[in-house]
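Listed here are the chains, written in short residue letters.
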Amino acid sequence: MFVGRKKELAELKVACKESGVPVIVLYGREGLGKTTLAKEFAKERNCVYYLGRELSKEEQKRYFQAALKQVSALASKEVITEDKICFIVDEFDVMEKAYKDFFAELDEYVTDSPWAGRVMLLLVSSSVQWIENQMVDDMGAFAARIVQVMKLKEFTFLEMVNRFPGCTTEECITIYSILGGVPGYLDLWDPAESVRDNVVRLMLMPDGPLRKEAARFLKTSLRELPFYNTILSVLAEDEPKLNYLYNRTGFSRAKISVYIKNLIQIDVAEKYFSFEPKKKEYVMKGLYGISDRFLHFWYKFMFPNSSALEYEEAEQFYENHIENKLYGFVEQMYIRVCKEFLVLMDQYGKLPGKFKQPKSFYGKEGMIPIILQGSDEKLLVAFCKWSAEPMTGADFETLLKRTEQLGQEVDYYYLFSKEGFGSELSAAVSGMDNIELIDLESL
């Protein structure tokens, strides 16, 4: 079943109508559903699909020439319409490795062929670093034919929820915390099983499909894996300061910067940019974390306990190293989901004004999970409580204390709580039009 990607599908349909032989580059890390999206797009038109493989130049060229002939045969017969023939070249970066003349020959072929107005090229790749750093140079003149470059990202929470219509909001947030929005991982999750049973089956059993996925994925994009393992294992401790990373690893700051930059480029790590308040002296800077949810989960629970993972039974490992700590881990994803909710509310005009993209405030005297600033400089602050207990007046007082670091008055408060709100807090804010209480099911 094709779920999500409506925006990307619409963009492909617009781009393919460009004149000549439009070339679209679709890329992103493995497992995001690039090929699935390409196939869905191709359903409405004639299509030739070619998968780049690790082959010698001569053999690659022989296979590829056969695909070119198929496209030309269709183009010679096809009546010119808006729905061009779609020629998909999957993992096209592989072609260039051994077949250095690939782009020059393809450019020459397209120029001399009957493709104009009848064919479009959809080039697909999982090599994020190559696309962003080398592709244009390696393509030469052929790069001028590109009409659009699309980077596929992980599913948003809303897109992910549509894949699990029978799950509760809490269950979906938990799944999202463990696997992120990678369709290839989400396809492995059985909603009929418990979280425990899924984690055991997918990651803890010796033959689990995701047991060796973290190392396999990183090896496809990075060298010097021991150093990246060290960086990621320390980042997973959720101490985001650069100084902590420096002291824990013993690496130079220059080396850390290089490794972090590479991890950010493949969407594994991120630098936190705090909301900038008027009292700038309260802001913490130089903060980093793991953005890939699956890798965060792996390096949080499995990697530091690798010996136990090999020695203990899978169910025993879950009880000893995951079960009692998972609840707190999920809170970070809850904040992200609340941010998505506020962005969606803003898009539909359901917030008290028009606001910029939400940020977190990383203050020296406490963090504020979500802050939105309006075009009129007004502030909307959100607090998110992922706990078995409802939010209380004391929790709200804690948030109010933290907002003193901002140096300006807060105009609106949005309070999110997994277990709802205590009667005292509900009564206190009743009738106040600048405070909204949002429980889990309202998301």
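Just so it is clear, the model here is predicted, and its values are computed rather than measured.

Engineer: What is the right way to read the pattern of salt bridges from this model?
Structural biologist: Pairing is possible between side chains of opposite charge, provided their charged atoms come close. Applying the stated criterion across every chain, the model contains 29 salt bridges. One salt bridge in this structure joins Lys153 and Asp267, with 3.7 Å as the shortest N-O distance. In this pair, Lys153 sits in the loop between β5 (146–151) and α8 (157–161) while Asp267 sits in the loop between α15 (253–265) and β6 (269–272), placing the two residues 114 residues apart along the sequence. Taking relative accessible area as the criterion, Asp267 reaches 27% and is therefore assigned partly exposed. Between Asp238 and Lys300 there is a salt bridge, and its shortest N-O distance comes to 2.9 Å. Within this pair, whereas Asp238 is found in the loop between α13 (225–235) and α14 (242–249), its partner Lys300 is found in helix α16 (residues 293–302), the two being separated by 62 residues in sequence. Relative accessible area serves as the criterion here: at 31%, Asp238 is assigned to the partly exposed category. We classify Lys300 as partly exposed; its relative accessible area is 28%. Among the charged side chains, a salt-bridge network with shared partners connects Glu132, Lys151, Lys153 and Asp267.

Engineer: Honestly, the sheet that holds strand β10 (residues 379–385) in this entry has me stumped. Any pointers?
Structural biologist: Two orientations exist for strands paired in a sheet by backbone hydrogen bonds: parallel and antiparallel. As summarised here, the arrangement of the five strands in space is β8-β9-β10-β11-β12, forming an open sheet in which the pairing is mixed. Across the chains shown, the open sheet's two edge strands, defined by having one partner strand only, are β8 (359–363) and β12 (435–439). Recorded for the sheet is a direction-independent mean angle of 25° between the axes of neighbouring strands. One ladder, built from four bridges, connects β8 with strand β9 (residues 366–373); its direction is antiparallel. Paired with Tyr362 across the two strands is Met367, which belongs to β9.

Engineer: I keep staring at the environment of Leu380 and nothing clicks. Help me out?
Structural biologist: Along the chain, Leu380 falls in strand β10. The buried category is assigned to Leu380, whose relative accessible area is 0%.

Rules and cut-offs
Residues numbered from 1 in each chain as written. Predicted model: local features only at pLDDT ≥ 70, side-chain atom pairs only at ≥ 80, totals over all residues. Heavy atoms only, no water. Salt bridge = Lys/Arg side-chain N within 4 Å of Asp/Glu carboxyl O. Helix = DSSP H or I, 4+ residues; strand = E, 2+ residues; numbered from the N terminus. Buried < 20%, exposed > 50% of the residue type's maximum accessible area, 1.4 Å probe, protein only. Pairing = 2+ DSSP bridges. Axes fitted to C-alpha atoms, helices over the stretch in contact; angles between N-to-C directions.

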